[in-house]
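# Architecture at a glance
Listed here are the chains, written in short residue letters.
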Amino acid sequence: APPAASAPTWPPSNSADLDPDDAPPWQPYVINATTMSPSEGFELLVDYLLKDVNPAALRPDTLEKAYRSKMTGVAVMVAFKNGEATVTREFKPPTSHAARFGSLVGLLEGLEQTYGSQVPDCTFLVILNDGQKTPVPAFGAVRQRPDWKQFVPIPLGADVGDGFAGFKEWDAKMGGVRGSEERPWVDRDPRAVFRGKFEMQTFNLGSCNHRMCVHAMDWRQVNRGVLHEVTATHPELFDVQFTHVVGESKANLSSVPVNLSAHIPLRDLPRYRAAIAVGSTADWTPTLAALLHLDLAVIRHEAAAIEWFYPLLRPWEHYVPTHLMMTDLVERGTWVAGKLSDVRDVAGRSNGFAKEWLAQARQVEFMFVLLRNYAALQKSAAAKR
């Protein structure tokens with residue numbers, strides 16, 4: 001297998017002078033999920049996720065003011081007191097936030113049942129849409145941009161291809177995704193597969209990581225459009241198909257190739273050696289957690305969006321990395337097609353990681369460590385008032 005990546009940071013200090021082709025991936029690689037226990041890893045993970053949070057903005061009255069002024073339609077306030085959680089919300093499910101709201105409630109119940117009064121008293125905001133830059137610290141599903149320094153990602157469920165897996169049904173649905181039928185690796189299609197929607201994005205791929213965000217005028221300029229263009233001339237390495245187009249755009253989407261009959265259930269993707277994880281909204285791939293449970297290797301697009309577990313992942317150990325601009329994607333596809341044993345090893349490590357670190361009990365453990373450290377920051381902020 002190729003050597004492990006070095007430990008770059010994203011964005012580099014001179015990122016304004018870099019072409020996206022030269023920019024390193026964002027991951028800090030400070031945590032080794034292979035050699036560390038979850039308890040050790042979660043301490044480092046929480047330190048990393050909270051390192052840029054502004055303690056002065058953690059006072060409950062400051063959080064409530066921000067919530068009441070701008071966030072009531074997309075967020076809830078949670079207060080833990082004596083091991084019990086109280087949730088304040090203005091919207092009424094069912095709404096577009098119902099799935100994540102239900103997952104949050106299940107996670108809070110898991111904290112109450114597992115840790116009880118050990119959960120420290122604290123107050124926090126949880127964003128239930130796909131995320132936004134916030135003026136105060138807040139939790140949510142995904143930190144889309146590196147400059148969202150006050151946004152802390154937490155487990156709020158995930159897309160599993162044919163639906164949503166919330167906290168309460170997480171272990172059962174991930175077991176269903178894995179399935180029980182073993183597919184011999186020697187009999188598989190050696191290509192890397194992608195199935196999913198095409199949704200037009202606002203900006204050109206990579207432009208926001210360069211000098212300024214550039215509005216996309218053509219579907220081929222955005223993440224999944226670039227994926228199609230790079231792979232279309234290499235059918236021997238890739239099977240990339242869009243099953244439908246979502247939304248409207250000023251760009252002409254009539255030329256986006258769509259195959260309505262190309263859908264493959266997530267659990268059936270292991271007929272291929274690898275699956276490509278390239279996101280849609282803000283380059284985010286909401287199915288990544290599910291893909292890591294499958295008996296295949298994941299080629300992961302190294303974009304800047306970060307879910308709670310991303311810093312635990314290491315390239316070439318848990319997944320096959322492809323650059324933000326996908327300039328090395330053909331090289332990665334060639335590697336997958338020609339390195340059966342190494343690809344199988346990557347898949348085995350990603351499966352082991354997913355089962356050990358992403359299970360319901362681990363999500364509760366991570367959240368407990370996060371709230372313990374968060375509460376200490378909040379208490380310190382209150383004392384300085």
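Before reading further, recall that the structure is shown in the block above.
Reading guide: rules and limits
- Residues numbered from 1 in each chain as written.
- Predicted model: local features only at pLDDT ≥ 70, side-chain atom pairs only at ≥ 80, totals over all residues.
- Heavy atoms only, no water.
- Helix = DSSP H or I, 4+ residues; strand = E, 2+ residues; numbered from the N terminus.
- Buried < 20%, exposed > 50% of the residue type's maximum accessible area, 1.4 Å probe, protein only.
- Contact = heavy atoms within 4.5 Å.
- Areas by Shrake-Rupley, 256 points an atom, 1.4 Å probe, with all protein chains shown as cover.
- Salt bridge = Lys/Arg side-chain N within 4 Å of Asp/Glu carboxyl O.
- Pairing = 2+ DSSP bridges.
- Axes fitted to C-alpha atoms, helices over the stretch in contact; angles between N-to-C directions.
- Phe/Tyr/Trp six-rings, centres within 6.5 Å; stacked < 30°, edge-to-face > 60°.
- Lys NZ or Arg CZ within 6 Å of the ring centre and 35° of its normal.
- Core = buried A, V, L, I, M, F, W, Y, C linked by side-chain atoms within 4.5 Å.
- Patch = residues over 30% accessible without salt bridge, like charges linked within 9 Å, V, L, I, M, F, W, Y side chains within 5 Å.
- Parallel < 35°, antiparallel > 145°, perpendicular 65-115°, else oblique.
- Left-handed = near helix turned anticlockwise from the far one by under 90°.
- Nonpolar A, V, L, I, M, F, W, Y, C, P; charged D, E, K, R; others polar.

Across its full length, the protein carries nine helices and twelve strands. The proportion of buried residues among the 385 residues of the protein is 54%. Counting only contacts in the protein whose residues sit at least 6 apart along the sequence, the fraction spanning at least 24 positions is 67%. Total accessible area on the protein is roughly 16,500 Å²; 50% of this is exposed by carbon and sulfur atoms.

Another aspect to go through is the pattern of salt bridges. Between side chains of opposite charge, a pair can form when the charged atoms approach closely. Under the criterion given, the structure shown has 21 salt bridges. Between arginine 68 and glutamate 90 there is a salt bridge, and its shortest N-O distance comes to 2.5 Å. On the criterion of sequence distance, the pair formed by arginine 68 in helix α2 (residues 60-71) and glutamate 90 in the loop between β2 (84-88) and α3 (98-115) is long-range, its members being 22 residues apart. By relative accessible area, which is 42% here, arginine 68 ends up partly exposed. Owing to a relative accessible area of 42%, glutamate 90 belongs among the partly exposed residues under this scheme. Between aspartate 239 and arginine 195 there is a salt bridge whose closest N-O contact spans 3.0 Å. A residue pair is termed long-range when its members are at least 10 positions apart, and aspartate 239 in strand β9 (residues 238-246) and arginine 195 in strand β8 (residues 189-199) qualify at 44 residues. Of the two residues, aspartate 239 and arginine 195, neither departs from the other in class, the shared state being buried. Each of Asp189, Arg191, Arg195 and Asp239 takes part in one network of salt bridges that share partners.

Think of a sheet as strands paired side by side through backbone hydrogen bonds, with each pair either parallel or antiparallel. Strand order across the open sheet formed by five strands is β9-β8-β10-β11-β12, with parallel pairing between neighbours. Unpaired on one side and paired on the other, β9 and β12 (320-322) mark the two borders of the sheet. Ignoring which end each strand starts from, the neighbouring axes of this sheet average 25° apart. Note that β8 and strand β10 (residues 272-277) share three bridges and pair parallel. Residue pairing for β10: aspartate 189 is matched across the bridge by tyrosine 272.

Turning next to the packing of aromatic side chains. Applying the stated criterion across every chain, the model contains 16 aromatic pairs. Between tryptophan 316 and tryptophan 335, the aromatic rings sit 5.0 Å apart at their centres with planes inclined by 75°, giving edge-to-face as the arrangement. Highlighted residues: tryptophan 316 in the loop between β11 (297-301) and β12 and tryptophan 335 in helix α7 (residues 329-338), separated in sequence by 19 residues. Its relative accessible area of 10% is what places tryptophan 316 among the buried residues. The rings of Phe42, Trp308, Phe309, Tyr310, Phe353, Trp357 and Phe366 are connected pair by pair, giving a single aromatic cluster. One cation-aromatic arrangement involves arginine 188 over tryptophan 185; the distance from NZ or CZ to the ring centre is 3.9 Å. Over the ring of tyrosine 319 we find arginine 300, and its NZ or CZ is 5.4 Å from the ring centre.

Another aspect to go through is the nonpolar core. Core analysis: the biggest nonpolar cluster contains 89 residues, and Leu111, Phe124, Val126, Phe139 and Phe309 have the highest contact counts within it. The next biggest cluster of nonpolar side chains, apart from the first, holds 34 residues, and it includes Trp185, Phe238, Ile276 and Val320.

Phi angles above zero are rare outside glycine, and tryptophan 316 is one such case at about 70°. Unusually for a residue other than glycine, methionine 326 sits at a positive phi of about 60°. Mapped onto the secondary structure, methionine 326 falls in the loop between β12 and α7.

We now examine a nonpolar patch on the surface. A cluster of nonpolar residues, Val245, Val258 and Leu260, forms a patch on the protein surface that exposes about 270 Å² of accessible area. Here valine 245 shows up in strand β9.

One can describe the packing of helix α1 (residues 38-50) onto helix α9 (residues 360-383) by two numbers: an axis separation of 9 Å at closest approach and a directional angle of 45°. Classed by the angle they form, the pair α1 and α9 counts as oblique. Crossing of α1 over α9 shows right-handed handedness. Of α9, the residues touching α1 (which contributes Pro38, Ser39, Phe42, Glu43, Leu45, Val46, Asp47, Leu49 and Leu50) are Arg362, Glu365, Phe366, Val369, Leu370, Arg372, Asn373, Tyr374 and Leu377. Looking at the contact of α1 with α9 residue by residue, the classes come out as eleven nonpolar, two polar and five charged.

With that settled, consider the packing of α3 against α9. The geometry of α3 relative to α9 is characterised by a closest axis approach of 9 Å and an angle of 80° between their N-to-C directions. As far as their axial angle goes, α9 and α3 are roughly perpendicular. For the pair formed by α3 and α9, the contact residues are Leu107, Gly110, Leu111, Thr114 and Tyr115 on the first element and Gln363, Val364, Glu365, Met367, Phe368 and Leu371 on the second. When its residues are assigned to classes, the contact of α3 with α9 shows seven nonpolar, three polar and one charged.

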